[in-house]
Amino acid sequence: MPINWEFATIGQIGGALRSNELTSVQLVEELIERADRLDPVVGAFMTRFDDTARRAAQQADEELARGIDRGPLHGVPVGVKDLLWTVEGPTTGQSAAIDPAWFEHSDGEVIRRLRAAGAVITGKLTLNEFGCGEYGGSEDFPLPTNPWDPSRWPGGSSAGAGARLAAGLFPAAIGTDTGGSIRIPSAMCGTSGLKPTFGLVPVSGVVPMAASFDHVGPMARTMADCAAILAVIADRPFTVAAEIESLVGLRIGVVREHHFPDTADADLAARFDDAVAVFAATGAEVVEVSLPHYREALGAFSILELGELLDFHARNLRQRWSEYTAGARLLMAQGAFASASEYVRVQRVRDAVNSKIAALFAQVDVIATPTTAVAAYRFEEMAAIDPDMLLGQLFTQYWNLTGNPAASVPMGPASTGMPLGLQLIGAMGADETVLRVGHAFQQRTTWHDLHPALSTEEGR
Amino acid sequence: MNDEPNRDDVRAALARAGLPASESEIDLLVAAYRRVRNNVRAIEALDLDG
């Protein structure tokens, strides 16, 4: 059966490149043609690097022909969120308020590592302004939509990455995650993503949002592909087993408290119960756990994140207030609402939460929660959503406060037919355990193999 | 402490930070200000040793 290359995994592409079934140039050309057709709908690209991608693909093919093999990402197209510096073009952060002198046109460390591994950087991907403001939709900034239903949000803020993966416009992306920006679009677009342990992947050459919460991480179709990308950008080995993974001996902590609000999707509990049953079938021991100081931790996250966000933008914000979108500037301004002594007190709460979470991970190997309580909203619904209600539906921020590795994998459809995500969290530094458990889940489910009709109908 | 923060509190906080928000934006930020202050109060009430 022929492979649909637009929906192929990194592993499938790698095998085809090495067996001469496919060249990197052929793949890049196919994806460029596909982007020409679909990106006006999906709105995934901020900037495309077609010419440099073609040259990089040609170099990758020539190297493989000469026996030079740089590893799993050799010749594989990768898109990057438009917060990461690349030598090809500007880093806009999807903002009209940016000073071009802030960000040199050079590669950040993650991009340098990707190129050294033979990856083909195909373009910069859309987000909301600096990862926190309003989405585009203007002439300058495309509006990213959800390929499962273009009237819906793809999740944020790595919106273009999630949307583009789901639309079959490339097999791998690099996102950033300060409060869930890798995991939320992964959940809402039916793809896979990992926020690594804080500090594992360098953030040099990445426009910050809130420095003590910022993570750079992989977005792809599967956890196995996320492992391949993480190995490159973290510069250390990460692998998952090719054979069916047994989880005998692992303890999975299941969290329900605070994660099933009244506003949750009607099918969320059933999807989550099904996912938990999969783990039980792998031989893992499943136990119920609670997260310490949950509501206070989210309050602490909010206060610290807003303060750090304002700290980075304050000088520019005073001078170019009206050039930021209203959503971004009004969020940044909230960083002025807590005092320095309160900031210090909140940091003590963060330390206390971290200690208790470390103790919890002495009892379990992985914690499982829904990634969000709901699937993707319609754009027309979003303006009317109460911020407190929305925050109560996103279960990602707690893990930015603590820095633990956290992944999202598809766990089936919501009542709307849109994808829902399963969040898997590990102890600090236990990224490989998270990848392993997510991979074991995907070995036993097929949700990650589903593609939206937009892509399949308008595809080849 | 003012138990019911209002637009004057918001205006003062923004002025301290040098942020040139309009009066209509200050109105929009009152609810956010109350949310932040409520978070601060909840955290101050937390028994970290408990």
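Structure shown above.
Residues numbered from 1 in each chain as written. Chains lettered and ligands numbered in written order. Predicted model: local features only at pLDDT ≥ 70, side-chain atom pairs only at ≥ 80, totals over all residues. Heavy atoms only, no water.

1. Quick look at the overall build of chain B
Each helix and strand in chain B was counted, giving 2 helices and 0 strands. Relative to the globule expectation of 10 Å for 50 residues, the C-alpha radius of gyration of chain B, 13 Å, shows a markedly less compact shape. In terms of its C-alpha atoms, chain B occupies a principal-axis envelope of roughly 45 × 20 × 15 Å. Burial statistics for chain B: of 50 residues in total, 40% are counted as buried. For chain B, the exposed surface amounts to about 2800 Å²; the carbon and sulfur share of it is 49%. With 7 positive and 10 negative side-chain charges, chain B shows a separation of 4 Å between the mean positions of the two kinds. (Helix = DSSP H or I, 4+ residues; strand = E, 2+ residues; numbered from the N terminus. Rg over C-alpha atoms; globule rule 2.2 N^0.38 Å. Buried < 20%, exposed > 50% of the residue type's maximum accessible area, 1.4 Å probe, protein only. Areas by Shrake-Rupley, 256 points an atom, 1.4 Å probe, with all protein chains shown as cover. Lys, Arg positive; Asp, Glu negative; His and termini not counted. Charge placed at Lys NZ, Arg CZ, Asp CG, Glu CD.)

2. Remarks on helix α9 (residues 294-319) of chain A
For α9(A), built from 26 residues, the straight-helix expectation of 38 Å at 1.5 Å per residue is met to within 8% by its first-to-last C-alpha distance of 37 Å. Its maximal kink placed at His313(A), α9(A) deviates by approximately 65 degrees. (Expected span 1.5 Å × (residues − 1). Bend = angle between axes of the 7 residues up to and from the residue.)

3. Examining the layout of surface pockets
Its boundaries defined by the atoms lining it, the second largest pocket holds a volume of some 260 Å³. Among the secondary structure elements, those contributing two or more residues to the lining of the second largest pocket are α9 and α11 (340-360) of chain A together with α1 (7-17) of chain B. When residues in the lining of the second largest pocket are grouped by element, the largest group, 5 residues, is from α9(A). By residue class, the composition of the lining of the second largest pocket is 9 nonpolar, 3 polar and 2 charged. (1 Å grid on protein atoms, 1.4 Å probe; cavity = no way out; pocket = protein on both sides within 12 Å on 5 of 7 lines; lining within 4 Å. Points joined across faces, edges and corners; volume = space filled by probe spheres on them. Nonpolar A, V, L, I, M, F, W, Y, C, P; charged D, E, K, R; others polar.)

4. What about the pattern of salt bridges?
Within the structure shown, the criterion is met by 28 salt bridges over all chains. Here Asp177(A) and Arg183(A) are joined by a salt bridge, their closest N and O atoms 2.9 Å apart. Its relative accessible area of 0% is what places Arg183(A) among the buried residues. Notably, a salt bridge pairs Arg256(A) with Glu288(A), separated by 3.1 Å at the nearest N-O pair. Of this pair, Arg256(A) sits in the loop between β7 (251-255) and α8 (268-281) while Glu288(A) is found in strand β8 (residues 285-289), placing the two residues 32 residues apart along the sequence. Overall, the relative accessible area of 30% leaves Arg256(A) in the partly exposed class. Residues joined by salt bridges that share partners form a network here, namely Arg7(B), Asp8(B), Arg11(B), Glu23(B) and Asp27(B). (Salt bridge = Lys/Arg side-chain N within 4 Å of Asp/Glu carboxyl O.)

Interpretation note: all reported values are geometric properties and have no functional meaning in isolation.
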